[in-house]
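Residues per chain are reported as follows:
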Amino acid sequence: MGCCDALLKAILIITNVVVMLAGLLLLIVGGVFMARKFDFFPDIEIDGVDDYSNNINAVLIPIMVVGGILLVFGLIGCLGACTGKSGLLNIYFIMVLIVVIAEVAIIIVAVVKKNDFPGCHGGGSKGRVRGVQGCLR
């Protein structure tokens, strides 16, 4: 194994360890907020919403799903790089390729259909949340 091969392998391992840690962090944060969602920020009032804690699942579940996906991606990439198994590296490459293609497709759809989403661009949340300014000071 040459110097470049060792360097690329080290970069791939370090990158995948960082991705695994980010996925684990998202899973932990999502799990903690899911378990104790009624204890965080009890004094925030949101217009038109009786209890913000009931709506927080719409954010927590996707955070945990993304964390799990990142954890699996990082694990497969790290195992593939450490062991040098081409099967794991091929699976990793296909998963990353699918994610990149999906990101490009979402960006294209967002640019083409940006006028179909009225009120979703800028100023949507101004004045909706009261009490946050007091928490941030």
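To be clear, the structure that these remarks concern was listed above.
This structure is a prediction, so every number in the text was calculated from the model and none was measured. (Residues numbered from 1 in each chain as written. Predicted model: local features only at pLDDT ≥ 70, side-chain atom pairs only at ≥ 80, totals over all residues. Heavy atoms only, no water.)

A few words on the overall build of the protein. Looking only at helices and strands, one finds five helices and two strands in the protein. Secondary structure elements of the protein occur, N-terminal to C-terminal, as α-β-α-α-α-β-α. Going through the 137 residues of the protein one by one, you find that 14% of them count as buried. In the protein, the share of contacts with a sequence separation of at least 24, taken over all contacts with a separation of at least 6, comes to 64%. Total accessible area on the protein stands at roughly 10,000 Å², and carbon and sulfur atoms take up 72% of it. (Helix = DSSP H or I, 4+ residues; strand = E, 2+ residues; numbered from the N terminus. Buried < 20%, exposed > 50% of the residue type's maximum accessible area, 1.4 Å probe, protein only. Contact = heavy atoms within 4.5 Å. Areas by Shrake-Rupley, 256 points an atom, 1.4 Å probe, with all protein chains shown as cover.)

This part covers the packing of helix H3 (residues 57-83) against helix H4 (residues 86-112). Two elements in contact, H3 and H4, have axes separated by 8 Å at closest approach and are oriented at 145 degrees. Helix-helix and strand crossings are classified by hand; for H3 and H4 the assignment is left-handed. From H3, Phe-73, Ile-76, Gly-77, Leu-79, Gly-80, Ala-81 and Thr-83 reach across to H4, where they touch Leu-88, Leu-89, Ile-91, Tyr-92, Met-95, Val-96 and Val-99. Looking at the contact of H3 with H4, its residues break down into 11 nonpolar, three polar and no charged. (Axes fitted to C-alpha atoms, helices over the stretch in contact; angles between N-to-C directions. Left-handed = near helix turned anticlockwise from the far one by under 90°. Nonpolar A, V, L, I, M, F, W, Y, C, P; charged D, E, K, R; others polar.)

A cluster of nonpolar residues, Val-17, Leu-21, Leu-24, Ile-28 and Val-32, forms a patch on the protein surface that exposes about 400 Å² of accessible area. Among the residues examined, Leu-21 registers a relative accessible area of 53% and is labelled exposed. (Patch = residues over 30% accessible without salt bridge, like charges linked within 9 Å, V, L, I, M, F, W, Y side chains within 5 Å. Salt bridge = Lys/Arg side-chain N within 4 Å of Asp/Glu carboxyl O.)

Here the focus is the packing of helix H1 (residues 3-35) against H3. At a minimum axis separation of 7 Å, H1 and H3 run at an interaxial angle of 155 degrees. In this view, H1 runs roughly antiparallel relative to H3, as classed from their interaxial angle. At the point where H1 passes H3, the crossing takes the left-handed sense. When its residues are assigned to classes, the contact of H1 with H3 shows 22 nonpolar, nine polar and one charged. (Parallel < 35°, antiparallel > 145°, perpendicular 65-115°, else oblique.)

Within the secondary structure, Asn-16 is located in helix H1. Excluding residues that lie within four positions of it along the chain, Asn-16 makes contacts with Phe-73, Gly-74, Gly-77, Cys-78 and Tyr-92.

Another point: H3. With 27 residues, H3 should reach 39 Å at 1.5 Å per residue; the first-to-last C-alpha distance of 38 Å fits that figure. Among the residues of H3, those classed as buried are Leu-60, Gly-67, Phe-73, Gly-74, Ile-76, Gly-77, Cys-78, Gly-80 and Ala-81. Structurally, H3 contributes buried residues whose contacts are with H1 and H4. Gly-84, located one to two residues past H3, shows a positive phi value of around 75 degrees. (Expected span 1.5 Å × (residues − 1).)

What is shown is where atoms sit, not what they do.
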